[in-house]
Amino acid sequence: MMCVGLTTVWGQSLNIESQYSPLNRQRSPRSSTEYIILHTTEGGGRGSLEKLRRFGEAHYMVDTDGKVYRIIEHRRIATHAGRSMWDGRSNVDNFSIGIEIVGYHDRPITNAQKQAVRELLRQLKAIYRIPDNRILPHSMVAYGRPNRWHRAAHRGRKRCGMLFAREDVRRELGLTSKPAFDPDVRAGRLVVADSYLERVLFGPSPVGTTTAAAATATVPDAPNVIARNRSAWDIAREQYNSPETRYEFPDGTVRRGNEISNWNRMPAGTVVHMGNVAEADQQREAERVQLIGRDGQTASEIAGDATRDARTIYFMGDGRVVQGNEMTEEEVNRLPRGTGMLVGYMHGGVISARRRAFDIVGPRWNLSTTFYRLPDGRIQSGEEINERNIPNGTMVFFQP
Ligand SMILES: [Zn+2]
């Protein structure tokens, strides 16, 4: 399974080792490859490699010493981008390669990493004929579903890979162009929820600074204290209600994100302590069935202005599955605790003897972001479902 090799192309060498994910062979080949997405692991190499392998969440990982690991074969789908959109097309995983670079979105990478990433990009660009302006930081394509702070779908779900938008950093990676603006914001499909990120991604780079100084000087994260203009979301993003995120109130009491229900009453001065949340963990928490009473007190706290959207799916206590556009405002407001919700999802159809999961959602059928509602009411993700034993009558939901 493990093989160590040195690949030489055009006189350049890459120290690369296969550490394939157990999921590699189950992943379908992509039908097209048009983008390369650059990530930062937001955690150390060893732990990141283990998680990325376990969940098949990258094609490559580049460690701080410049060593490259293959995790998913580059022609197959890796689930690296999560909820994502670029130029009107969602699910960027379906047409991109993902490279995780060990490090942080606001810190320079090592010289060994720069050389390795540059060479890896050069090889992949040649294989797939990808122009430089289609090599994008993850934060450029990630987007968040509507929530209590941002009533519409928005850019700014994460800052992953943000430094790879900087022109000086790109130059060192052999990249000579980048997008000048966000096509989805311009078209009104998304709103900007992190104006600082927006400036880093698309604003002009400062001239005459060294990479190291520039990368750190221009990337201040929000201080981790809640203020009038700084919400729990601004600090913790989609980890805001995670049990790993702890809130220390001005009176000294400490509560975990999952123990807080009234987010409108968070006092200024509350300090937010986040666990060291690796990229792989964030990705996994991004998609799940949300529950009224757990993830928000009302449907609109979970789905923002999208409560009555056809792509907001409700799993009712009596077993019915209803789309948002099939309900009145009053019905939405009366939904009881425990009602399940998927935001930004489509009902693909029902499994039958002649219509299997692959017929309905294609290569996405076994991904963690596809959900199955079994006739007995249980809901399983594509990763959990037993392929050979999906009962007839199971409903399939996917991100369009
Ligand atoms: Zn990422």
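Since the structure is predicted, the reported quantities are computational estimates derived from the model, not experimental observations.

Reading the values: the criteria
Residues numbered from 1 in each chain as written. Predicted model: local features only at pLDDT ≥ 70, side-chain atom pairs only at ≥ 80, totals over all residues. Heavy atoms only, no water. Salt bridge = Lys/Arg side-chain N within 4 Å of Asp/Glu carboxyl O. Helix = DSSP H or I, 4+ residues; strand = E, 2+ residues; numbered from the N terminus. Buried < 20%, exposed > 50% of the residue type's maximum accessible area, 1.4 Å probe, protein only. Phe/Tyr/Trp six-rings, centres within 6.5 Å; stacked < 30°, edge-to-face > 60°. Lys NZ or Arg CZ within 6 Å of the ring centre and 35° of its normal. Domains from an automatic or database assignment. Contact = heavy atoms within 4.5 Å. Buried area = accessible area lost by both parts, 1.4 Å probe. Polar contact = N/O pair within 3.5 Å; in protein donor to acceptor, adjacent residues only side chain to side chain. Nonpolar A, V, L, I, M, F, W, Y, C, P; charged D, E, K, R; others polar. pLDDT = per-residue confidence, 0-100. Pairing = 2+ DSSP bridges. Arc of directions from axis to C-beta.

Now for the pattern of salt bridges. Across all of its chains, the model carries 23 salt bridges by this definition. Here Glu34 and Arg89 are joined by a salt bridge, their closest N and O atoms 2.8 Å apart. Placement of the pair is Glu34 in the loop between strand S2 (12–18) and strand S3 (35–40) and Arg89 in strand S7 (residues 89–90), with a sequence separation of 55 residues. For Arg89, a relative accessible area of 33% corresponds to the partly exposed category.

Applying the stated criterion to the full structure yields seven aromatic pairs. Ring centres of Tyr240 and Trp263 lie 5.0 Å apart, and the angle between their planes is 85°; on these two criteria the pair is classed as edge-to-face. Pair noted here: Tyr240 is in the loop between helix H8 (232–236) and strand S13 (246–248) and Trp263 is in the loop between strand S14 (254–256) and strand S15 (271–273), with a separation of 23 residues, a long-range link. With relative accessibility at 6%, the residue Trp263 sits in the buried group. Among the aromatic residues, those joined into a ring-pair cluster are Trp149, Tyr240, Tyr247 and Trp263. The ring of Trp149 has Arg148 sitting right over it, with the charged end atom 5.3 Å from the ring centre. Taking the ring centre of Phe181 as reference, the NZ or CZ of Arg186 above it sits at 3.7 Å.

Let's shift gears to the domain arrangement of the protein chain. Domain annotation for the protein chain reports domain 1 (3–217), domain 2 (232–282) and domain 3 (287–398). Of note, the centres of domain 2 and domain 3, computed from C-alpha atoms alone, are 27 Å apart. Facing four residues of domain 2, the contacting portion of domain 3 comprises four residues. Summing both sides of the interface, domain 2 and domain 3 together bury roughly 330 Å²; the carbon and sulfur share of this comes to 21%. Contact with domain 3 buries area across many residues of domain 2, yet Tyr240, Asn241 and Ser261 alone supply 71% of it, more than any other trio. Between domain 2 and domain 3 we count zero salt bridges in total. At the junction of domain 2 and domain 3, the tally comes to one residue pair in polar contact (both at pLDDT 80 or more). When the residues that make up the side of domain 2 that touches domain 3 are grouped by side-chain class, the tally is one nonpolar, three polar and no charged.

Attention now moves to the confidence of the model for the protein chain. Confidence in the prediction for the protein chain averages 89 pLDDT; 91% of positions are at 70 or higher. This model gives residues 1–6 a pLDDT under 50, and the stretch forms 14 contacts once residues within four places in sequence are excluded. Every residue in residues 206–219 scores below 50 in pLDDT, and together they form 26 contacts with partners more than four places removed in sequence or on other chains.

The backbone of Asp87 shows a phi angle near 55°, a positive value even though the residue is not glycine. What makes Asp87 partly exposed here is its relative accessible area of 47%. We note that Asn91 has phi near 55°; this positive angle belongs to a residue other than glycine. Counting through the fold element by element, Asn91 comes out in the loop between S7 and strand S8 (96–101). Note on Asn91: relative accessible area 8%, which makes it buried.

Taken in spatial order, the three strands line up as S10-S11-S12 in an open sheet, and their pairing is mixed. The outermost strands of the open sheet, each flanked by one partner alone, are strand S10 (143–144) and strand S12 (191–192). Two strands pair when backbone bridges link them, and strand S11 (residues 154–155) and S12 are joined in this way by two bridges, in the parallel orientation. What sits directly across from Arg155, in S12, is Val192.

This part covers helix H1 (residues 45–55). Listed as buried for H1 are Gly45, Ser48, Leu49, Leu52 and Phe55. Axial view of H1: buried residues confined to an arc of 150°, hence all on one face. Where H1 ends, the next residue or the one after it, Gly56, has phi of about 60°, a positive value.

The next point concerns the sheet that holds strand S18 (residues 321–323). Spatially, the four strands line up as an open sheet ordered S16-S19-S17-S18, and their pairing is antiparallel. Each edge of the sheet is formed by a strand with only one pairing partner; in this case those strands are strand S16 (290–291) and S18. By the bridge criterion, three bridges tie strand S17 (residues 312–315) to S18 in an arrangement that is antiparallel. Along S18, the bridge assignment pairs Tyr314 with Val322.

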